[in-house]
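Structural features, examined
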Amino acid sequence: MPAEKKTSATSWFTRIVLGLVIVAMAGFGLTQYSVDAIRGDEVIKAGSRSIDSAEFRREYDRYKKRAEQQAGQPITTEMAEQNNLDSTVLNGLATREAFSELLHKIGIRPSDSLILAQISKIPDFFNPITGAFDDKTFTARLTENGYTKPGFDRVLGDEMASQHWAVAIQNGFNVPRAYGALGSVFALEARDLAYFVVTPQSVPQPAAPSDAQLLAFIKESKGDLMVPEMRVFTVVPFVPGAAAAAVANAPIDAAELQKRFNFRKDTLSKPETRTLVQIPVKDQASAQKVTARLTSGEAPAAVARSLGVDAVTYEDKPLTAVADRKIGEAAFRLASGQIATLQGDLGLAVVRVANVSPGREVTLEEARPMLEAEIRKDMVSEKVYAQTQAYDDAHQGGASLPDAAKKAGVPFETVGPISAQGIDDKRRQMQGLPAKILETAFSLPAGGESEITELGEGAYFAVRVEKVIAPYVQPLNEIRPVVTNAWMRREITRAMEARTETLVARVRKGESLEAVAASAGYAVQRAPGLSRQTAEPRVADIGREILARAFAAKPREAWSTPTPTGFAIGLIDNVRMDTGPTAARMAEMNRGELAQAVFGEMAESAQVYARTKLKVRTDPARARAAAGFEPKEEPAAKAPEKKG
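Notes on the structure follow.

How each quantity is defined
Here the residue index of a chain counts from 1 through its sequence in written order. Side-chain atom pairs in this predicted model are given and counted only at pLDDT of 80 or more, local residue features only at pLDDT of at least 70, and totals for whole chains, interfaces and linings cover all residues. Side-chain measures here rest on the full set of heavy atoms in the structure, leaving out hydrogens and waters. Numbering of helices and strands runs from the N terminus, with a helix taken as a DSSP run of H or I at least four residues long and a strand as a DSSP run of E at least two residues long. Burial classes: relative accessible area under 20% of the type maximum marks a residue as buried, over 50% as exposed, and values in between as partly exposed (1.4 Å probe, protein chains only). Contacts were defined at the residue level, with two residues in contact if any of their heavy atoms lie within 4.5 Å. For the area figures, the Shrake-Rupley method with a 1.4 Å probe applies, and any residue is considered shielded solely by the protein chains shown. Two strands pair if DSSP finds at least two bridges between them. Criterion for a salt bridge: a side-chain nitrogen of Lys or Arg within 4 Å of a carboxyl oxygen of Asp or Glu. Centres within 6.5 Å are what make two rings of Phe, Tyr or Trp a pair, Trp counting through its six-membered ring; a difference in plane orientation under 30 degrees is then read as stacked, over 60 as edge-to-face, and the rest as tilted. Our definition puts a charge over a ring when NZ of Lys or CZ of Arg is within 6 Å of the ring centre and also within 35 degrees of the ring normal.

Scanning the chain for helices and strands turns up 25 helices and 15 strands. A total of 644 residues make up the chain; the buried ones form 40% of that total. The contacts in the chain between residues at least 6 apart in sequence include a share of 73% that link residues at least 24 apart. Total accessible area on the chain is roughly 35,200 Å²; 53% of this is exposed by carbon and sulfur atoms.

Structure (structure tokens):
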């Protein structure tokens, strides 16, 4: 039975996870530490913290999804395994947990009130109609992303602790002026470049290759010419689009509409909102002083700062937006302009009400368009579900996949031959095929069929693998033009390389660049006064490869580098520094960037220290299993040599 559709809500989660200093500074790539056995189902153990297989799988799936979005293509299980994605995520999580545990041990811990205040500011937890923090929405978002409230509090608390640590380290931190001076010297260093390019037209064109040469080339380039494994499969899609047309004109049940309105009336109506400020205090004596200062007209922020606390301000917010529920209920009984000392669940506070905006109840007619759209959306989901049930019943009754699709009233399509990367047998990228369908098709054997699988956004699918085509190299007659062109390009490149080596050797022996170029029929190009600040506009006419090599070369050092049009041979005639006002200004500007770079290295060192200090333990085998990979085969023990 397909699962109920889940609403997408990843923006807040992405902001929190990517906000962690541990991820921002070090990423998922530190060297793996030693491995010890871990008790139970623990994949990672860092002090009092642990991550089990289920949590590791969730983190792995999130990382893989972000990698797919960045790459713009699906990552199959085979690709993930080849690139050791499980180890990458394992090391990143181990470092993150170690650093968070170390911060906790040294006392960098946000209070419960700070965490509650931060949660109440996350827009994704607000009701879209009322604009107020909504506990049901909050709980639903956590459930959709596999979190409990305590688990989410820990994630958010870790992020806040990391931010507090980073701010404390960075506040006032700067590198010596000499560092900035070195940076300005590097940036403003000017070089006079002279070069020429050996092009394909300047070397003899090779004769057409024989079949023997082409066959030898195919053998040498087998990896590049190999057609990857391909599959032909049949897909049965159950999509909301087709179902929507079937229910587009269906009548809306009036009883269901009224039922939903009654259930949603409170959340759809506009609640009373207030603007108020809350200042935490230690006792009644402090509360009386704060009340007197506020009454005299002193700014709440200034009063709070003098006490060493932050004033919490709610601008035109409903009761549900106030983090401390008990204080909120009392504050919403005060009159506009009133100041009172209130006891909350999290402590004592002085509250001043600045403004009161009355609420308003929504009517059925006002809510009708939205509620009817929701009902019709549910009708579509029910239609899709009915189709999956009809298909499943027919298939379980012995009908083939196409016949079961016909009985369910849904189409089916045969796809392929196609590779795991979505490339067809004509070497074209197939568009519009969801990555999950492709991944499922390549996880089955020939003749294998999947269960009805959730695709997302209310869609489902089933797939049957009709044929598996093993990797192969096409016969010469089928790829002769491609192989011939590749062979010709290789021979021309070899000829250019040989010619370039000969010409560079002459310059290195003392001949001038101009004389060597002229003898070979080339003209020397010059670019005087190049600096790293002025090089970017010259990329189009000089080339990025030549510029990069020019700034890496020593003065009067002859060098060569491949370019898109051939091989460049160059020389740096002169290197000079700018010691004027521009260098001084840039030296000061560079200090900020260098300070960030130094801080980044400090953060990475702190993370490495945390893993070492806490003796973090990881279980790569359990992580590999959680990621869905087959266990690695242990090498067979070597038999002891017999002594003669």
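Moving on from the model shown.
What follows covers the sheet that holds strand S1 (residues 42–46). Taken together, the three strands give an open sheet; going across it, the order is S2-S1-S15, and neighbouring strands pair in antiparallel fashion. Pairing within the sheet leaves two strands with one partner each, and these edge strands are strand S2 (49–52) and strand S15 (617–618). Here S1 pairs with S2 via four bridges, running antiparallel. Within S2, the residue paired with isoleucine 44 across the bridge is isoleucine 51.

Looking now at the side chain of serine 357. Following the sequence through the fold, serine 357 ends up in strand S8 (residues 347–357). In contact with serine 357, not counting residues within four places along its chain, are Glu272, Thr273 and Asp316.

Time to look at the pattern of salt bridges. Scanning the entire structure with this criterion turns up 31 salt bridges. The salt bridge partner of arginine 293 is glutamate 298, with a shortest N-O separation of 2.7 Å. Classification of glutamate 298 by relative accessible area gives partly exposed; the value is 28%. A salt bridge links arginine 549 to glutamate 557; the shortest N-O distance between them is 3.8 Å. Here the salt bridges share partners, and the residues they tie into one network are Arg49, Glu55, Glu59, Arg96, Glu97, Glu101, Lys105, Arg154 and Asp158.

Time to look at the packing of aromatic side chains. Under the counting rule described, the total for this entry stands at four aromatic pairs. Taking the centre distance of 6.3 Å and the plane angle of 90° together, the rings of tyrosine 60 and phenylalanine 629 count as edge-to-face. Separated by 569 residues along the polypeptide, tyrosine 60 in helix H3 (residues 53–71) and phenylalanine 629 in the segment after helix H25 (620–626) bring together distant segments of the chain. Across this residue pair, the class does not change: tyrosine 60 and phenylalanine 629 are buried. With a centroid separation of 5.3 Å and an interplanar angle of 20°, the aromatic rings of phenylalanine 196 and tyrosine 522 are classed as stacked. Of this pair, phenylalanine 196 sits in strand S3 (residues 190–198) while tyrosine 522 is found in the loop between helix H21 (513–519) and strand S12 (525–530), placing the two residues 326 residues apart along the sequence. Exposure class is identical for phenylalanine 196 and tyrosine 522. Each is buried. Seen from the ring of phenylalanine 332, arginine 274 lies directly overhead, with NZ or CZ sitting 5.2 Å from the centre.

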